[in-house]
Amino acid sequence: MLGVLAIACIGPTGCVAGRRNRSADSNRSPTTSARSSPEGDTSAPESTGHTERSVRVDDTTRTYRLVVPDTVDRSTPVALVVMLHGGFGSARQAELAYGFDVIAEENRFVVAYPDATRRAWNAGDCCGEPARDDVDDAGFVKAMIDDIGTVVTLDPHRRFVAGMSNGAMMAERLACDTDLFAAVASVAGASMNPCPNPRPISVLHIHGLADTHVPFDGSPGNGIGRVPRHTPVAETIAMWRDVDGCDPATTTRAREVTTSTANCEDGRSVELITVDGAGHQWPRGAAASSAPRRRGADAPSDAFAATPLIWSFFAAHPSPT
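Given the structure is predicted, the values throughout are model-derived calculations rather than measurements.

Procedures and definitions
Residues numbered from 1 in each chain as written. Predicted model: local features only at pLDDT ≥ 70, side-chain atom pairs only at ≥ 80, totals over all residues. Heavy atoms only, no water. Core = buried A, V, L, I, M, F, W, Y, C linked by side-chain atoms within 4.5 Å. Buried < 20%, exposed > 50% of the residue type's maximum accessible area, 1.4 Å probe, protein only. Helix = DSSP H or I, 4+ residues; strand = E, 2+ residues; numbered from the N terminus. Contact = heavy atoms within 4.5 Å. Disulfide = S-S within 2.5 Å. Pairing = 2+ DSSP bridges. Axes fitted to C-alpha atoms, helices over the stretch in contact; angles between N-to-C directions. Parallel < 35°, antiparallel > 145°, perpendicular 65-115°, else oblique. Left-handed = near helix turned anticlockwise from the far one by under 90°. Nonpolar A, V, L, I, M, F, W, Y, C, P; charged D, E, K, R; others polar.

### Observations concerning the nonpolar core
By size, the foremost hydrophobic cluster in this structure holds 44 residues, and its most contacted members are I148 and F181. Broken down by element, this core gets its largest block of residues, seven residues, from helix α4 (residues 137-148). Apart from residues lying up to four places away in sequence, I148 is in contact with Y64, L66, L80, A112 and L154. The next biggest cluster of nonpolar side chains, apart from the first, holds 35 residues, and it includes V81, Y98, I206 and V257.

Following this line, the structure appears as structure tokens:
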């Protein structure tokens, strides 16, 4: 069961376009608010353990959904997973589609689902108006984490970020440009920016080899997001293995799934999972009729369940103490 969160004041929930010259390192204290039920979404989980909260970043109101299961021990620091929806998605869609709430209840961690501006993240050279307007999404994620820390005590060594598609691109940008997280999981994403000063971090990347929206080889996508040419996934994985000081990778294959795992210094790991024949999708995500598939996504592969696998990877790779 999911527990009750302390509710602050009712606040605005709309997303407003960001402007240029944002700083992810801003020391401004965010203004926060929360509400206990999602307006106009009867398919959302019915529990007071789910709250919508908002923060102000550079005079812009940004919103997110927070889930604190009843099983969480509030007397000890708790792990956090930030789940970034894909382009054309939303926080509610991600919560319904990817199944992190159930895993969080079973494993006693907190999940945050932030909303992008106009349903897209500023992941660098992609995608849409937030990138053109240089929206400070890194600053938003930092402010959100600070706000969550007013609700529960977060374990600084167990903060993780996962994303789908454009959300995965944003997760990879956060891995490059911030020190907020111990590990990152990218599903159907890619690195859209140079990463000149990367710091060690554990990385899990999942990709369908038949993905034409964000092609594995870095060529431009032909989906509705019109993803431009990007760093090939294999090059990104090689970069992180170099940064993390990894041993040579070992590769296993189970039917259509190939897994390449490299163990690295300080207990970190860089893992690549590819699925033959799978398109632009989250494996076993949004499979139920009650879980909406994000616009532009392909049917989910049934090769394995991505969400519990991602949590297992996160749980095994906290940041070094």
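Now that the structure has been shown, the text picks up again.
### Side note on helix α1 (residues 91-98)
Taking burial as the measure, the eight residues of α1 include seven buried ones, the bulk of the element. Residues of α1 that are buried include every one of A91, Q93, A94, E95, L96, A97 and Y98, and no others. G99 sits one or two residues past α1 and shows a positive phi near 80°.

### Focus: the state of the cysteines
Counted under the stated rule, the structure contains three disulfides. Between the sulfur atoms of C176 and its disulfide mate C195 the distance is 2.1 Å. Measuring the twist about the S-S bond at about -120°, one finds the C176-C195 disulfide to be left-handed. Of the two residues, C176 is situated in helix α5 (residues 166-177) and C195 in the loop between β7 (183-187) and β8 (202-208); the sequence distance between them amounts to 19 residues. Assessed through its relative accessible area of 12%, C176 is described here as buried. Here C246 engages in a disulfide with C264; their sulfurs sit 2.0 Å apart. With the S-S bond torsion at 80°, the cross-link from C246 to C264 turns out right-handed. Of this pair, C246 sits in the loop between α6 (233-243) and β9 (250-254) while C264 sits in the loop between β10 (257-263) and β11 (269-275), and the two are 18 residues apart along the sequence. Comparing C246 with C264, the two get one shared label, buried. Along the protein, the cysteines that take part in disulfide bonds pair up as 1-2, 3-4, 5-6, counted in sequence order.

### Observations regarding the environment of R119
Position of R119 relative to the elements: it lies in the loop between β5 (110-114) and α3 (129-132). R119 gets classed as partly exposed once you look at its relative accessible area, which sits at 45%. Spatially, the C-alpha atom of R119 lies 9.3 Å from that of A91, the residues being 28 residues apart in sequence. Not counting chain neighbours up to four residues away, the residues in contact with R119 comprise H85, G86, G87, F88, G89 and S90.

### Topic: the pairing of β11
Of all the seven residues making up β11, seven are buried; the element is thus mostly covered by neighbouring parts of the structure. Of the two faces of β11, the one holding S269, E271, I273 and V275 and the one holding V270, L272 and T274 are both buried throughout. Pairing geometry for β8 and β11, over six bridges, is parallel. By the bridge assignment for β11, G208 is matched with V275. Note that β10 and β11 share seven bridges and pair antiparallel. Note on β11: the bridge partner recorded for T261 is E271. The loop that links β10 with its antiparallel partner β11 comprises five residues; one of these, D266, has a positive phi angle of about 60°.

### Some words on the packing of helix α2 (residues 100-107) against helix α7 (residues 306-316)
Closest axis-to-axis distance for the α2/α7 pair is 9 Å, and the angle between their directions is 40°. Taken together, the axis directions place α2 and α7 in an arrangement best described as oblique. The chirality of how α2 crosses α7 is right-handed. Across from F100, I103 and N107 in α2, the residues of α7 making contact are T307, P308, I310 and W311. For the contact of α2 with α7, a count of residues per class yields five nonpolar, two polar and no charged.

Treat this as a map of the structure, not an account of what it does.
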